[in-house]
Amino acid sequence: MAEDNPVNQRLVVRLMEKQGHTVVVTGNGKEALAALEAGQFDVVLMDVQMPEMGGFEAATIIREREKATGAHMPIIAMTAHALKGDRERCLEAGMDAYVSKPIEARLLFEAVASVVPRPCRKRRWRRGPSPKRRGPIRRFFNSEGALAMLDGDTELFGELVKLFMSESVDLLNQIRDAIEQHDAKRLERRRIH
């Protein structure tokens, strides 16, 4: 997995491990290319926007390398870009499937199964336990929806909230600095995704 956001890293690793997969995490496209050179993998989960080298550039390099070998590495784009045409842009860049962020467990599993066919047991998707209502906070945060996206895993939900809270202070400071310095490129890289 090539992903620079620690919350998304933890989420995807946990979800994939629950399905019996082993995940190698890299923080950008360059690291992903190095990992592919060093090991054997069934699929690449590729964030589109990362520092140093983004997913589109990394996917292009992977596809160029494959021309010499005749091999094909399945690549699933994971992106906060969810506008009309973004899916097509990912597929045109050589990616095999597309999952929008925030990552929903069922959609991630379906994307992986669509590019890496393997026997799997039938699984019933369930919603997580209904959280207790706590007044006005429900207007701002849909905890039932969040738990459903995590396949009802309340432990993972707690871990992600703690990780997000610790990361968000630094991220917000970086966003504020980019705004004050009128640095649109840096602001685009630092948005919460």
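Presented here is a report on the structure given in the accompanying data block. No experiment lies behind these values; they were computed from the predicted model shown.

### Thoughts on the overall build of the protein
And step 1. Helix and strand counts for the protein come out as 8 helices and 3 strands.
And step 2. Overall, the protein shows an N-to-C arrangement of helices and strands of α-α-β-α-β-α-β-α-α-α-α.
And step 3. The buried share of the protein, taken over its 193 residues, is 41%.
And step 4. Within the protein, residue pairs in contact and separated by at least 24 positions form 57% of the contacts whose partners lie at least 6 positions apart.
And step 5. Put simply, the protein shows about 11,800 Å² of open surface, and 54% of that area lies on carbon and sulfur atoms.

### Regarding the sheet that holds strand E3 (residues 97-100)
And step 1. Strand order in this open sheet of 3 strands is E1-E2-E3, and the pairing throughout is parallel. Two strands bound the open sheet, and with one partner strand each, they are strand E1 (44-47) and E3. Taking the axes of each pair of neighbouring strands and ignoring which way they run, one obtains an average angle of 25 degrees across the sheet.

### Digging into the nonpolar core
And step 1. Within the largest apolar cluster, 25 residues are counted, with the highest numbers of intra-cluster contacts made by Val12, Leu15, Met16, Leu45, Ile76, Ile103 and Leu108.
And step 2. Looking at this core, the elements that each hand over two or more residues are helix H1 (6-18), strand E2 (75-79), E3, helix H5 (105-115) and helix H7 (154-180).
And step 3. Not counting residues within four places of it along the chain, the set of residues in contact with Met16 comprises His21, Val23, Leu45, Leu108, Phe109 and Val112.
And step 4. Core analysis: the second largest hydrophobic core is formed by 20 residues, Ala2, Met46, Ala93 and Tyr98 among them.

### Section: the pattern of salt bridges
And step 1. If you walk through the whole model with that rule in mind, you get 13 salt bridges.
And step 2. The closest approach of N and O atoms between Asp47 and Lys101, which form a salt bridge, is 3.0 Å. With Asp47 in strand E1 and Lys101 in the loop between E3 and H5, the pair connects residues that are 54 residues apart, well separated along the chain.
And step 3. Look at Asp47 and you get buried, because its relative accessible area is 1%.
And step 4. Lys101 gets classed as buried once you look at its relative accessible area, which sits at 8%.
And step 5. A salt bridge links Asp96 to Arg63; its shortest N-O distance comes to 2.8 Å. One end of the pair, Asp96, is in the loop between helix H4 (86-92) and E3; the other, Arg63, is in helix H3 (residues 55-69), with 33 residues separating them in the sequence.
And step 6. According to the relative accessible area criterion, Asp96 is partly exposed, its value standing at 30%.
And step 7. It is possible to trace a salt-bridge network through shared partners that takes in Arg10, Arg14, Lys18, Asp153, Glu155 and Glu159.

### Some details on a nonpolar patch on the surface
And step 1. A contiguous nonpolar patch, built from Val161, Phe164 and Met165 and spanning about 260 Å² of accessible area, is present on the exposed surface.
And step 2. Within the fold, Val161 resides in helix H7.
And step 3. Exposure remark for Val161: the relative accessible area of 37% places this residue in the partly exposed category.

### Focus: the side chain of Thr79
And step 1. Assignment of secondary structure puts Thr79 in strand E2.
And step 2. Judged by its relative accessible area of 1%, Thr79 is buried.
And step 3. Excluding its chain neighbours within four sequence positions, the residues that come into contact with Thr79 are Asp47, Val48, Cys90, Tyr98, Val99, Ser100 and Lys101.

About the criteria used
- Residues numbered from 1 in each chain as written.
- Predicted model: local features only at pLDDT ≥ 70, side-chain atom pairs only at ≥ 80, totals over all residues.
- Heavy atoms only, no water.
- Helix = DSSP H or I, 4+ residues; strand = E, 2+ residues; numbered from the N terminus.
- Buried < 20%, exposed > 50% of the residue type's maximum accessible area, 1.4 Å probe, protein only.
- Contact = heavy atoms within 4.5 Å.
- Areas by Shrake-Rupley, 256 points an atom, 1.4 Å probe, with all protein chains shown as cover.
- Pairing = 2+ DSSP bridges.
- Axes fitted to C-alpha atoms, helices over the stretch in contact; angles between N-to-C directions.
- Core = buried A, V, L, I, M, F, W, Y, C linked by side-chain atoms within 4.5 Å.
- Salt bridge = Lys/Arg side-chain N within 4 Å of Asp/Glu carboxyl O.
- Patch = residues over 30% accessible without salt bridge, like charges linked within 9 Å, V, L, I, M, F, W, Y side chains within 5 Å.

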